[in-house]
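One-letter residues, chain by chain:
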Amino acid sequence: MSVMKRVSLIFRAKANRALDKLEDPRETLDYSYQQQVEMLTRVRRGVADVATSRKRVELQMNQLQKQVQTKENQARTALGQGREDLARAALEQKSGLQGQYQSLQQQYQGLQEQEEKLTLASQRLQTQVDAFRTRKETIKATYTAAEAQTRINEAFSGISEEMGDIGLAIQRAEDKTAQMQARAGAIDELLASGALENHVGGSPDYIQVELDRMGANNEIESEMARLRGELSPGSSEPPKQLPSGPGEGL
Amino acid sequence: MIVRILGEGQYEVSEVAAAKLEELDAELEAAIEAGDDVAFKAALGASVDVVRSDGRPVPAASLQEAEIILPSSDADVAEVLKLLSEGQLDV
């Protein structure tokens, strides 16, 4: 049988099962209304949860972006100092970070879509719940229990489909949010430990350490030169030379 | 005919669109049986497009049942199988 038809039958079956459980049809109305109000609360909480997740991903994207910039700067500095090896390593790390960033970006878009869908769903449900409440009062006031049955079934089935749909949407959102949180937690840890920068070298950021060391060496050399100049202006015998560091560059 | 896209609400579609949906429905069915996610997503995407472009949104206050229901536009075969196994709805 058709897939689309089968899905709709599943929703109807659920509505019928719920209707069968209740003896007084008018009792159905109040019970269903109560469920709808609960569902509204749930869907609104769902929207808020997805928004929280989205904001967290946004923060991480900003952090990653900063690290990408750092790597770019390191590569430039390293190249300026004639250290192609370090520049290459920095660019490799930059590319890894950019990969992470792009995957976060995709998830960010996914969360945004979920949020929009759920927001619309909650507005739709709100309208339906209001319509249901009005119809419920009319049915209760106007019809006997027996007469009310058909009208109740109609209204109930209509709203039941929407409730089923929204229930599924919330489940999906919850699943997605849970996945995102697990992933976001892992990335937070990586960002905090510096491990994202760490997959090539040993120390927290060996490129930065090396660049700092080279910078410090340069500073020492220029200090040395200044001191030499002070001590022996025009002297024919230069003071004893200190061994220079391995990373010395100009 | 009233059609629901899960996660998006109901649309009233024309006879022409309903006929197109019937064809696409057969493709969906075949894709599910073959476990072919690529074919499934193509057929589902086309179905969703038909409904969105042809259909008019049904006012939310109308409280009617849809005649057919399309899975969520980003669903995959596994998700639809799970849905068809019914248990998932009884939350």
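Note that the structure is predicted; figures quoted are calculated from it, not measured. Once a new chain begins, its residue numbering starts again from 1 and follows that chain's sequence as written. All chains are assigned letters beginning with A, and all ligands numbers beginning with 1, in the order in which they are written. It should be noted that, the model being predicted, local features are given only for residues of pLDDT at least 70 and side-chain atom pairs only at 80 or more, the latter also being counted only at that level, while totals for whole chains, interfaces and linings use all residues. Hydrogens and waters are ignored; side-chain quantities use all the structure's heavy atoms.

Draft legend 1. Local environment of the environment of A:Gln112. Helix numbers and strand numbers start at the N terminus; a helix is a DSSP run of H or I with at least 4 residues, a strand a run of E with at least 2. Here A:Gln112 is to be found in helix α3 (residues 84–142). A:Gln112 sits 59 residues away from A:Gln171 along the chain, and the two C-alpha atoms are 16 Å apart.

Draft legend 2. Quick peek at the interface of chain B and chain A. Here a residue-residue contact requires only that any non-hydrogen atoms of the pair lie within 4.5 Å. Listed by partner, the interface residues are 37 residues for chain B and 35 residues for chain A. Summed over both partners, the accessible area (1.4 Å probe) lost when two parts come together is defined as the buried area. Across the chain B to chain A interface the summed buried area is about 3,500 Å²; carbon plus sulfur atoms make up 54%. The rule for a salt bridge is simple: a side-chain nitrogen of Lys or Arg has to be within 4 Å of a carboxyl oxygen of Asp or Glu. Run the count over chain B and chain A and you get 7 salt bridges. For A:Glu161, the salt bridge goes to B:Arg4, with nearest N and O atoms at 2.4 Å. Pairing of N or O atoms within 3.5 Å defines a polar contact, subject to two protein rules: one partner must be a possible hydrogen donor and the other a possible acceptor, and residues neighboring in sequence count only if both atoms are side-chain atoms. Linking chain B with chain A are 21 residue pairs in polar contact (both at pLDDT 80 or more), by the criterion used here. Elements with a minimum of two residues in the side of chain B that touches chain A: β1 (2–5), β2 (9–12), α1 (15–34), β4 (68–70) and α3 (77–84) of chain B. Examining the composition of the side of chain B that touches chain A, we find that 5 residues originate from one element, α1(B), more than from any other. Nonpolar residues are Ala, Val, Leu, Ile, Met, Phe, Trp, Tyr, Cys and Pro. Charged residues are Asp, Glu, Lys and Arg, and all others, Gly as well, are polar. Looking at the side of chain B that touches chain A residue by residue, the classes come out as 18 nonpolar, 9 polar and 10 charged.

Draft legend 3. View of the confidence of the model for chain A. Confidence of the predictor at the level of single residues is captured by pLDDT, which takes values from 0 to 100. Chain-level pLDDT for chain A is 83 on average; 87% of the residues reach the 70-or-more range. The model gives residues 198–203 of chain A a pLDDT under 50, and that stretch makes 8 contacts with residues more than four places away or in other chains.

Draft legend 4. Region of interest: the pattern of salt bridges. Tallying each qualifying case throughout the model produces 23 salt bridges over all chains. Between A:Glu223 and A:Arg226 there is a salt bridge, with the nearest N and O atoms lying 3.2 Å from each other. Of the two residues, A:Glu223 and A:Arg226 are both situated in helix α5 (residues 206–231); the distance of 3 residues between them amounts to about one turn of the helix. Note on A:Arg226: relative accessible area 40%, which makes it partly exposed. Residues A:Arg226 and A:Glu230 are paired through a salt bridge, measuring 2.8 Å at the closest nitrogen-oxygen approach. On the criterion of helical spacing, the pair formed by A:Arg226 and A:Glu230 is a turn pair, its members being 4 residues apart in helix α5. The network of salt bridges with shared partners includes A:Arg124, A:Glu161, A:Glu162, A:Asp165 and B:Arg4. Think of it in three bands: with a 1.4 Å probe and only protein chains considered, a residue is buried below 20% of the maximum accessible area for its type, exposed above 50%, and partly exposed in between.

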